[in-house]
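Coordinate inspection notes
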Amino acid sequence: MKPDEIARRLIAIRHRQLDCAPLDSSIQVPSDTAVVTLDPPSAASPYPSANRNGVFFFGCRTKVSRTDFLNVLDLFRKSEIQRFFFWLSPNPQIEEISGWLRGSGLKPFKGTTYPTLIRSVEPMAPIKTPLDVRRVSRFEVQSRKDAILRIFDPWPSSFFFESVEKTGFEHFMAYEAGAPVSAAILAYEGDFAYLGWAGTAEGDRRKGGQNALIRARMNRAVELGCRVACSETLARLKTSLGNLERNGFETVYYKKVYVWDS
């Protein structure tokens, strides 16, 4: 699967995510032009992955014009959001769009890089671990709220609760002595699987939780008839990236990220 096709498939996953947990996302551009989200409370964050004000997949689904680009900028200016990020995934206009961004005062983000990885969906043998890994229901998620908050701390965990038992999402947890220590989500659209929203409680790392969750989700993707699995992470999260690579995922592209900081 080529990088631009992967980006187009990820658009469907992003729309499913927003259907479960809508932000203040008054999208004033055609939905086939970009995914645009506004979330003023997170605008203070200087980190792209924590700031939920952004433009995603611009130009991935349809050809865009400079007018389309200026309309997006105008949306953020009118909202008075001080900082937002423009995420560029592979598309035929990526160099042209990069020029528009630089010419309008957006600057390349100088922090970590953001790899997108894929692998084929095939059955995987469970790893040896003392943890009990299984797919969980809404009841199990809601009854383990405190444990899940610890698993994702300091990152937000609200989406794990908002998406449980919603169409296209399945939730998994790893338990030790009956207590949840790791969690992750499998999202899917047609034959495309997405492994994301993974976390492990700080005191329970290095027990094989994330590797076990990767394999459990891959085997579930087989049952669902998926053909390609995709995941995303931050390059600075070396453990996360290493776990994906050890389980056969390969980086196919890095998103280009630009920041508007007024």
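Conventions used here
Residues numbered from 1 in each chain as written. Predicted model: local features only at pLDDT ≥ 70, side-chain atom pairs only at ≥ 80, totals over all residues. Heavy atoms only, no water. Salt bridge = Lys/Arg side-chain N within 4 Å of Asp/Glu carboxyl O. Helix = DSSP H or I, 4+ residues; strand = E, 2+ residues; numbered from the N terminus. Buried < 20%, exposed > 50% of the residue type's maximum accessible area, 1.4 Å probe, protein only. Axes fitted to C-alpha atoms, helices over the stretch in contact; angles between N-to-C directions. Parallel < 35°, antiparallel > 145°, perpendicular 65-115°, else oblique. Left-handed = near helix turned anticlockwise from the far one by under 90°. Contact = heavy atoms within 4.5 Å. Phe/Tyr/Trp six-rings, centres within 6.5 Å; stacked < 30°, edge-to-face > 60°. Expected span 1.5 Å × (residues − 1). Arc of directions from axis to C-beta. 1 Å grid on protein atoms, 1.4 Å probe; cavity = no way out; pocket = protein on both sides within 12 Å on 5 of 7 lines; lining within 4 Å. Points joined across faces, edges and corners; volume = space filled by probe spheres on them. Nonpolar A, V, L, I, M, F, W, Y, C, P; charged D, E, K, R; others polar. Disulfide = S-S within 2.5 Å. Polar contact = N/O pair within 3.5 Å; in protein donor to acceptor, adjacent residues only side chain to side chain.

A few points about the pattern of salt bridges
Within this structure, the stated rule accounts for 18 salt bridges. Here aspartate 261 and arginine 83 are joined by a salt bridge, their closest N and O atoms 3.3 Å apart. Taken together, the positions of aspartate 261 in strand β11 (residues 250-261) and arginine 83 in strand β3 (residues 83-88) put the pair 178 residues apart, joining distant regions of the chain. Residue arginine 83 is classed as buried on the basis of its relative accessible area, which comes to 16%. When the shortest N-O distance is used, the salt bridge between lysine 207 and glutamate 176 registers 2.7 Å. Residue lysine 207 is found in the loop between β9 (192-200) and α7 (209-223), and its partner glutamate 176 is found in strand β7 (residues 169-176); the two are separated by 31 residues along the sequence.

Structural notes on the packing of α7 against helix α8 (residues 238-246)
The interhelical angle for the contact between α7 and α8, taken along N-to-C directions, is 45°, at an axis separation of 10 Å. With respect to α8, the element α7 is oriented oblique. α8 is crossed by α7, and the crossing has right-handed handedness. Seen from α7, the contacting residues are Gln210, Asn211 and Ile214; seen from α8, they are Asn243, Leu244 and Arg246.

Considering the packing of aromatic side chains
Counted under the stated rule, the structure contains 15 aromatic pairs. Consider the rings of phenylalanine 84 and tryptophan 260, whose centres lie 6.1 Å apart with planes at 20°: the pair is stacked. Taken together, the residues phenylalanine 84 in strand β3 and tryptophan 260 in strand β11 connect sequence positions 176 residues apart. Each member of the pair, phenylalanine 84 together with tryptophan 260, is buried. Residues phenylalanine 85 and phenylalanine 109 carry aromatic rings whose centres are separated by 6.0 Å and whose planes lie at 85° to one another, so their mutual orientation is edge-to-face.

Side note on helix α2 (residues 66-79)
Across its 14 residues, α2 extends 20 Å between first and last C-alpha, which sits within 8% of the 20 Å expected from 1.5 Å per residue. Taken residue by residue, α2 has Asp68, Phe69, Val72, Leu73, Leu75 and Phe76 as its buried positions. All buried residues of α2 lie within an arc of 145° about the axis, which places them on one face of the element. The inward-facing, buried residues of α2 contact β1 (35-37), β2 (54-56), β3 and α3 (94-103).

Side note on empty space enclosed by the protein
All chains considered together, the criterion is met by one cavity of 30 Å³ or more. Taken as a whole, the largest cavity encloses approximately 40 Å³ of empty space. Considering the residues around the largest cavity, the lining is formed by Ile11, Ser31, Asp32, Thr33, Ala34, Val35, Phe56, Phe57 and Arg61. By residue class, the composition of the lining of the largest cavity is five nonpolar, two polar and two charged.

Remarks on the environment of alanine 147
In this fold, alanine 147 is placed in helix α5 (residues 145-152). With 32 residues separating them in the primary sequence, alanine 147 and proline 115 have C-alpha atoms 29 Å apart.

Observations regarding the state of the cysteines
The full count for this structure, using the stated rule, is zero disulfides. Here cysteine 60 is not cross-linked by a disulfide; its sulfur's nearest cysteine counterpart is in cysteine 230, at 12 Å. Residue classification places cysteine 60 among the buried residues on the basis of a relative accessible area of 5%. On the basis of relative accessibility, which here comes to 0%, the residue cysteine 230 falls in the buried class.

Structural notes on the environment of serine 45
Looking at the element boundaries, serine 45 is found in the loop between β1 and β2. Through-space distance from the C-alpha of serine 45 to that of glycine 248 is 33 Å; in sequence the pair is 203 residues apart. Residues within four places of serine 45 in sequence aside, it is in contact with Ala50, Asn51, Arg83 and Phe85. At a separation of 3.2 Å, a polar atom in the side chain of serine 45 contacts the main-chain amide nitrogen of tyrosine 47.

Description of the side chain of serine 98
Following the sequence through the fold, serine 98 ends up in helix α3. Residue class for serine 98 comes out buried when judged on its relative accessible area of 0%. A distance of 3.5 Å separates polar atoms of two side chains, one belonging to serine 98 and the other to tyrosine 258. Discounting chain neighbours no more than four positions away, the residues touching serine 98 are Leu88, Lys256 and Tyr258.

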